[in-house]
Amino acid sequence: MTEIAELKLEFEAAKDKLTKVTISLSAPEYSKAKGAWGCEIMFKGFFEKPQKIFGEDSFQALCLSLEFINRTLRHVMETTKIYMGGSKCTDPPLLWPADAYFPETPRQEKKQD
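Residues numbered from 1 in each chain as written. Predicted model: local features only at pLDDT ≥ 70, side-chain atom pairs only at ≥ 80, totals over all residues. Heavy atoms only, no water.

## Concerning the overall build of the chain
For step 1, the next point in the chain: Check the secondary structure of the chain and you find two helices and six strands.
For step 2, the next point in the chain: Sequence-ordered secondary structure for the chain, helices as α and strands as β, is β-β-β-β-β-α-β-α.
For step 3, the next point in the chain: In terms of principal-axis extent, the alpha carbons of the chain reach across some 50 × 40 × 20 Å.
For step 4, the next point in the chain: Put simply, of all contacts in the chain between residues at least 6 apart along the chain, 39% involve residues at least 24 apart.
For step 5, the next point in the chain: For the chain, the exposed surface amounts to about 8300 Å²; the carbon and sulfur share of it is 53%. (Helix = DSSP H or I, 4+ residues; strand = E, 2+ residues; numbered from the N terminus. Contact = heavy atoms within 4.5 Å. Areas by Shrake-Rupley, 256 points an atom, 1.4 Å probe, with all protein chains shown as cover.)

Structure follows, in structure tokens:
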């Protein structure tokens, strides 16, 4: 799989204890065995194994993969702080700006005739 994006973060697991996490995302590839397109996501330092996310086409596989990353990080943010990789050493440390990466997207509604 060809990596197309990477993000380095630090999770504050306990006071003054940081866990370095590198998130990488692969380009969508077609799987003949699954009959679907898939992207591989790795949360190095967080998940032991890569996660595979599949979609009907390459664009859907990519979108679903990004949504998986979004939901995973927002879940982590409920219990811990997430910093930009290496920024805890800065004064002040730079919290990861979730909304800059994953802005809330309004849902479309069907028009009533």
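Continuing now.
## Comments concerning the pattern of salt bridges
For step 1, the next point in the chain: Under the criterion given, the structure shown has four salt bridges.
For step 2, the next point in the chain: Here Lys-8 ties to Glu-6 by a salt bridge, and the two come within 3.7 Å at their closest N and O atoms.
For step 3, the next point in the chain: The network of salt bridges with common partners includes Arg-74, Asp-99 and Glu-104. (Salt bridge = Lys/Arg side-chain N within 4 Å of Asp/Glu carboxyl O.)

## Things to note about the nonpolar core
For step 1, the next point in the chain: In terms of nonpolar packing, the biggest core is built from 18 residues, with Leu-9, Ile-23, Leu-73 and Trp-96 touching the most fellow members.
For step 2, the next point in the chain: Those elements that place two or more of their residues in this core are strand 1 (3-14), strand 2 (17-26), strand 4 (36-44) and helix 1 (58-77).
For step 3, the next point in the chain: Per-element tally for this core: the top contributor is helix 1, with four residues.
For step 4, the next point in the chain: Not counting the four nearest positions on each side in its chain, Leu-73 is found in contact with Leu-9, Phe-11, Ile-23, Phe-43, Ile-82 and Trp-96. (Core = buried A, V, L, I, M, F, W, Y, C linked by side-chain atoms within 4.5 Å. Buried < 20%, exposed > 50% of the residue type's maximum accessible area, 1.4 Å probe, protein only.)

## Section: the packing of aromatic side chains
For step 1, the next point in the chain: This model, assessed by the stated rule, comprises nine aromatic pairs.
For step 2, the next point in the chain: Summarising the aromatic geometry, the rings of Phe-46 and Phe-47 are spaced 5.0 Å apart at their centres and angled 50 degrees between planes, so their arrangement reads as tilted.
For step 3, the next point in the chain: Relative accessible area serves as the criterion here: at 25%, Phe-47 is assigned to the partly exposed category.
For step 4, the next point in the chain: What links up through ring pairs into an aromatic cluster is the set Phe-11, Phe-43, Phe-46, Phe-47 and Phe-68. (Phe/Tyr/Trp six-rings, centres within 6.5 Å; stacked < 30°, edge-to-face > 60°.)

## Observations concerning the pairing of strand 4
For step 1, the next point in the chain: As judged from the four bridges shared by strand 2 and strand 4, these two strands associate in the antiparallel manner. Within the sheet, the bridge partner assigned to Ser-24 lies in strand 4 and is Met-42.
For step 2, the next point in the chain: With three bridges connecting them, strand 3 (residues 29-31) and strand 4 associate as antiparallel partners. Its bridge partner being in strand 4, Ser-31 is matched across the sheet by Ala-36.
For step 3, the next point in the chain: Counting the residues that bridge the hairpin from strand 3 to strand 4 gives four residues, and of these Gly-35 lies at a positive phi of roughly 65 degrees. (Pairing = 2+ DSSP bridges.)

## Some remarks on the side chain of Ser-26
For step 1, the next point in the chain: On the secondary structure map, Ser-26 appears in strand 2.
For step 2, the next point in the chain: Within polar-contact distance, the side chain of Ser-26 engages the backbone nitrogen of Glu-40 at 2.7 Å.
For step 3, the next point in the chain: Apart from the residues within four sequence positions on either side, Ser-26 is in contact with Met-1, Thr-2, Glu-3, Ile-4, Cys-39 and Glu-40. (Polar contact = N/O pair within 3.5 Å; in protein donor to acceptor, adjacent residues only side chain to side chain.)

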